[in-house]
Amino acid sequence: MSGADAKSWDRDPILTVEHLSMHFGGITAVDDVSFAVGCKDITALIGPNGAGKTTVFNCITGFYKPTEGMLTLDGKDGPPRFLERLTDYEINADARVARTFQNIRLFPGMTVLENLMVAQHNGLSRASGFSFGAIFGLGRFGIAEKEAIDLARYWLGQVGLLPRADEAAGSLAYGDQRRLEIARAMCTRPRLLCLDEPAAGLNAKESDALNTLLQAIRDKEDTAVFLIEHDMSVVMRISDHVIVLDYGKKIADGTPGEVRNDPHVIAAYLGVSDEDAAALEARP
Amino acid sequence: MRLADSGKTLGRKLSSALGDSLLAATIAFALFSLVLGLRTVDSATGLALEPRPALLATVVAIVFFGRLALNLFVWQTDYPLTRPFAKLFTLEPFETRDEVTLALAFALGVLGVAAGVLFQETLYGLLGTLMLAFIGIGLLRRAIVRTFPNLPYTQVFVAGGILFALFFPIVSYALESAFNLGLPLRYWFDLSILILTYVMLGWGLNIVVGLAGLLDLGYVAFYAVGAYTFALLATHFGLGFWIGLPIAGAAAALWGIILGFPVLRLRGDYLAIVTLAFGEIVRIILLNWTEVTGGPNGIAGIPKPTFFGLPFSPFAEGTTFSGFFGIHYDGLHALIFLYYVILVLALVTNLVTLRLRRLPVGRAWEAMREDEIACRSLGINTTLTKLSAFATGAMFGGLAGCFFATRQGFVSPESFTFIESAIILAIVVLGGMGSQLGVAIAAIVMVGGFEALRHTAGLQAIFGQEFDPALYRMLLFGLAMVAIMIWRPRGLVSSRAPTISLGDASAISGDLVRQGRG
């Protein structure tokens, strides 16, 4: 590939994954996967069930320690962060990578607003003098808390949950909970937002709203979006860059148009006859 | 529903009720035939079995007819007899038949009281009084709520409770010295000091169990660390209570962190077992490290707190409290002072907890209880958060321990057994995990109620002279716990108050709040 038509994610990556492998005992869930996530892109990681998508995700967000490989988060605001060396909470606090979960993980007994306040814990905690100052009413905790409420209010507005700010998160409808989880992740002011199947269980209308939200995050917030998705309509419509995994290996990487017509991808998703499979094996 | 019920003929209803009651009576017979039906007595030839058929028959008959009455008048009827009584505590309007039932009940109550007064039938008198009190309280509550529907009742209740706690000793002492009423003041003050100590311990443990969701079965260890720290400092270095207090708190907090480290990776049952072991280890060390702790003999001669340097004593060198204020010496002064010390300590515990809940660390505790993995994904260091919860809870335990040492003047390992941990945990669970008000009520009910069962005179008047209520304390205690767990499985106050809101936030139902998995 020449320099002129280098893809945006190779030119300006926020996250570079090199030779990532993950073994669980004798099982290889992810096998030597390398790719880049562009800093102005919505990048989608797709693949059939059991392809290793969530494992890649958990390696990036620190919930697994990769067996091999190097995950470099480009440090625009400092030195590059090597994610494989950080623990899960440092990846959010230090490298500013936020994530959501496939099965929603909100704090159900806390209100919507409290959920967003917990997301801003580290900044608020410093402002409160690690509680020692604020317990005696010292310091600038009041101002910091007001700013935190403003940020929470902004994101509640973005996801359309402002009227429900004081309700328990567990009492929200499913689609609202999904959007609240995204708002909560955004309240940590991430540079990379990782979404694990954000459209799962959403109806067509909610799915459209989600697309608009993700595009807004990419365009306005200086946050790269990296998502796992099963729903092809979401993937093809909003992603700038699609990576396809199958059996732990990367089988395609490119724009949605390129990936859609890739014979390996079609084979992985639809299956092929034995002769075609042999022909595919022979291709580079 | 109604149609189906009325379709059931009286005969079928009766037969099904009879069958159910027979079954209950059979179970009662099987259960009680050995427990109540036989009794071992000392005889010349050794132990002998004495059958008690009359008692067994009475109990089985009570079960049979009680169950039959419940079936016929409550469960299998369109109009349960309990409905009007339940309605008393709502704002629903009464129907005519409700009024008739209540009027009949009222008349029964009056009859009972009359029987009690005229014929010295204490049991009937007591039951009648209870009935009248129940109806009276219900009607009064209805009237008040109907007249002032928008009063913040919880706040009024809390404010009333705090005012009572603030003025009760002074007012009762003043009344006693003015009119010589013969009130058992010493006993009252001792009991209220005990209750307040448990309120404080409950609030301290509430941070660990209720807010952070970490099940701690060894909380008494921190109580012991605080007590022994102050006991050793006072007897070896002559430190006073007010200097010993913060040191005891810091020592307990340190031990909270030391316990916290090994258990960071444990959750749920495993955490409970390790904390239980920690509590026992501390007690056994105190028991066996004789050179330092005095072993089973404990440490005696711990000084009482002074009133800003003025000791409470009839004869001391220098100025005493009574001498300084020019009043007659009374042993109760020291007790009243101790009461205020523990009241202030408990209120400080409460205020600090309420404040911490609204600070980032408190929200992180609660978030950790709700979902620890989500917490980590948001950049919260759960290790530090857990340790801070352990340390804060332990610190309040240590402060309470320091108070305990100075109040008793003596500490020994016997005061720090597992049952203490269990009682404190029961207070937290019974009160509703995370609720400050619930924990306070639960402490008063548990410690005060337990104590009330000691008062044998009233109960003996009902059940006869040979009845010893002290024997049934544990039984009644267990029954009360079972009843509360049936009717209020999430504790007395199960809802959670939000810590921040944009508009008016209402309490969150306890069903949504998670209890933590350790």
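Residues numbered from 1 in each chain as written. Chains lettered and ligands numbered in written order. Predicted model: local features only at pLDDT ≥ 70, side-chain atom pairs only at ≥ 80, totals over all residues.

Notes on the overall build of chain A
At step 1: Looking only at helices and strands, one finds 12 helices and 10 strands in chain A.
At step 2: Computed over C-alpha atoms, the radius of gyration of chain A comes to 20 Å, within 12% of the 19 Å expected from 2.2 N^0.38 for 284 residues, which places it in the range of a compact globule.
At step 3: With the principal axes as the frame, chain A shows a C-alpha extent of 75 × 45 × 40 Å.
At step 4: A total of 284 residues make up chain A; the buried ones form 46% of that total.
At step 5: Put simply, 65% of the contacts in chain A that link residues at least 6 apart link residues at least 24 apart. (Helix = DSSP H or I, 4+ residues; strand = E, 2+ residues; numbered from the N terminus. Rg over C-alpha atoms; globule rule 2.2 N^0.38 Å. Buried ≥ 20, exposed ≤ 12 C-beta atoms within 10 Å, placed from the backbone. Contact = placed C-beta atoms within 7 Å.)

Some words on the overall build of chain B
At step 1: Counting secondary structure elements, chain B contains 21 helices and 4 strands.
At step 2: Structurally, chain B occupies a C-alpha span of about 80 × 65 × 65 Å along its principal axes.
At step 3: For chain B, the proportion of its 518 residues judged to be buried stands at 35%.
At step 4: Of the contacts made within chain B by residues no fewer than 6 positions apart, 69% connect residues no fewer than 24 positions apart.

Focus on the environment of Glu 414 of chain B
At step 1: Examined against the element boundaries, Glu 414 of chain B turns out to sit in the loop between strand E4 (410-411) and helix H18 (418-431).
At step 2: Each C-alpha atom of the pair Glu 414 of chain B and Gly 268 of chain B lies 28 Å from the other, and the pair is 146 residues apart in sequence.

Some words on the interface of chain B and chain A
At step 1: The interface of chain B with chain A comprises 33 residues on the first partner and 32 residues on the second.
At step 2: Mapped by element, the contributors of at least two residues to the side of chain B that touches chain A are helix H14 (331-357), helix H15 (360-370) and helix H16 (372-377) of chain B.
At step 3: Counting residues per element, the side of chain B that touches chain A draws most heavily on H15 of chain B, which supplies 7 residues.
At step 4: The class makeup of the residues in the side of chain B that touches chain A is 18 nonpolar, 7 polar and 8 charged. (Nonpolar A, V, L, I, M, F, W, Y, C, P; charged D, E, K, R; others polar.)

Topic: the packing of helix H4 (residues 112-119) of chain A against helix H7 (residues 174-186) of chain A
Residue and element names in this part refer to chain A.
At step 1: Two elements in contact, H4 and H7, have axes separated by 8 Å at closest approach and are oriented at 30°. The angle between H4 and H7 falls in the class roughly parallel. Two packed elements cross with a definite hand, and for H4 against H7 that hand is right-handed. Contacts between H4 and H7 involve Val 112, Asn 115, Leu 116 and Ala 119 from the former and Leu 180, Ala 183 and Arg 184 from the latter. (Axes fitted to C-alpha atoms, helices over the stretch in contact; angles between N-to-C directions. Parallel < 35°, antiparallel > 145°, perpendicular 65-115°, else oblique. Left-handed = near helix turned anticlockwise from the far one by under 90°.)

What about the pairing of strand E9 (residues 241-246) of chain A?
All names here are of chain A.
At step 1: For E9, a buried count of 5 out of 6 residues is recorded, marking the element as mostly surrounded by other parts of the structure.
At step 2: Note: strand E3 (residues 42-46) against E9, 4 bridges, orientation parallel. Each residue of the ladder has a partner; that of Ile 46, found in E9, is Val 244.
At step 3: Bridge count for E9 against strand E10 (residues 249-254) is 5 bridges, and the pairing is antiparallel. Along E10, the bridge assignment pairs Leu 245 with Lys 250.
At step 4: Hairpin connection from E9 to E10: 2 residues lie between these consecutive antiparallel strands, with Tyr 247 at a positive phi of about 45°. (Pairing = 2+ DSSP bridges.)

Comments concerning the sheet that holds strand E2 (residues 27-38) of chain A
Backbone hydrogen bonds are what pair the strands of a sheet, in a parallel or an antiparallel way.
All names here are of chain A.
At step 1: The 4 strands lie next to each other as E2-E1-E4-E5, forming an open sheet whose pairing is antiparallel. Every interior strand has two partners, whereas the edge strands, E2 and strand E5 (81-82), have only one.
At step 2: As judged from the 5 bridges shared by strand E1 (residues 13-24) and strand E4 (residues 68-73), these two strands associate in the antiparallel manner. Bridge assignment links Ser 21 to a residue of E4, and that residue is Glu 68.

Considering the domain arrangement of chain A
Residues and elements named next belong to chain A.
At step 1: Along its sequence, chain A is carved into domain 1 (1-96 + 190-284) and domain 2 (106-189).
At step 2: Inter-centroid distance (C-alpha atoms) of domain 1 to domain 2 is 29 Å.
At step 3: On the side of domain 2, 11 residues touch domain 1, which itself brings 12 residues to the contact.
At step 4: Counting residues per element, the ones that place at least two in the side of domain 1 that touches domain 2 are helix H3 (88-93), strand E7 (192-196) and helix H8 (204-220).
At step 5: The element best represented in the side of domain 1 that touches domain 2 is H8, accounting for 3 residues.
At step 6: For the side of domain 1 that touches domain 2, the per-class residue count stands at 8 nonpolar, 2 polar and 2 charged. (Domains from an automatic or database assignment.)

Quick look at the domain arrangement of chain B
At step 1: In terms of domain boundaries, chain B breaks down into domain 1 (1-77), domain 2 (79-151) and domain 3 (156-168 + 191-487).
At step 2: If you average the C-alpha positions of domain 1 of chain B and of domain 2 of chain B, the two centres end up 28 Å apart.

What about the pairing of E3 of chain A?
At step 1: Most of E3 of chain A sits out of view: 5 of its 5 residues are buried.
At step 2: What you see with E3 of chain A is no split at all: Ile 42, Ala 44 and Ile 46 of chain A on one side and Thr 43 and Leu 45 of chain A on the other are buried throughout.

A few points about the packing of helix H8 (residues 185-211) of chain B against H18 of chain B
Each pair of packed helices can be summarised by the angle the axes make with each other and by the distance between the axes.
All names here are of chain B.
At step 1: Contact geometry of H8 with H18 gives a least axis separation of 9 Å together with a crossing angle of 70°. By the angle class used here, H8 and H18 are roughly perpendicular. Along the contact surface, H8 presents Tyr 198, Leu 201, Gly 202, Leu 205, Asn 206, Val 209 and Gly 210, while H18 presents Ile 424, Leu 425, Ile 427, Val 428 and Gly 431.
At step 2: The residue inventory of the contact of H8 with H18, partitioned by class, reads 8 nonpolar, 4 polar and no charged.

Some thoughts on the environment of Ala 51 of chain A
Residues and elements named next belong to chain A.
At step 1: Its location among the elements puts Ala 51 in the loop between E3 and helix H2 (53-60).
At step 2: Separated by 10 residues in the primary sequence, Ala 51 and Thr 61 place their C-alpha atoms 18 Å from one another.
At step 3: Not counting residues up to four positions away in its chain, the partners in contact with Ala 51 are Leu 245, Asp 246, Tyr 247 and Gly 248.

Focus on the sheet that holds E3 of chain A
All names here are of chain A.
At step 1: Taken in spatial order, the 6 strands line up as E6-E7-E8-E3-E9-E10 in an open sheet, and their pairing is mixed. Only two strands of the sheet have a single partner each, and these edge strands are strand E6 (97-99) and E10. Across this sheet, the average inter-strand angle for adjacent strands is 15°, counted without regard to direction.
At step 2: Here E7 runs beside strand E8 (residues 224-228); their pairing, made up of 5 bridges, is parallel. For Asp 196, the partnering residue across the bridge sits in E8 and is Ile 228.
At step 3: Contacts from helix H11 (residues 263-270) reach E9 and E10 within the one sheet, and its direction differs from that of E10 by about 125°.

Let's talk about unusual backbone geometry
At step 1: One non-glycine residue, His 19 of chain A, lies in the positive phi region at around 50°.
At step 2: Along the polypeptide, His 19 of chain A turns up in strand E1.

Here's the deal with the confidence of the model for chain B
At step 1: The pLDDT averaged across chain B works out to 84; a share of 93% of its residues lies at or above 70.
At step 2: Interface scoring of the predicted complex returns ipTM 0.87; its pTM is 0.83. (pLDDT = per-residue confidence, 0-100.)

Observations concerning the environment of Tyr 269 of chain A
At step 1: With respect to the element layout, Tyr 269 of chain A can be found in helix H11.
At step 2: A C-alpha to C-alpha distance of 9.2 Å links Tyr 269 of chain A and Asp 246 of chain A, two positions 23 residues apart in sequence.

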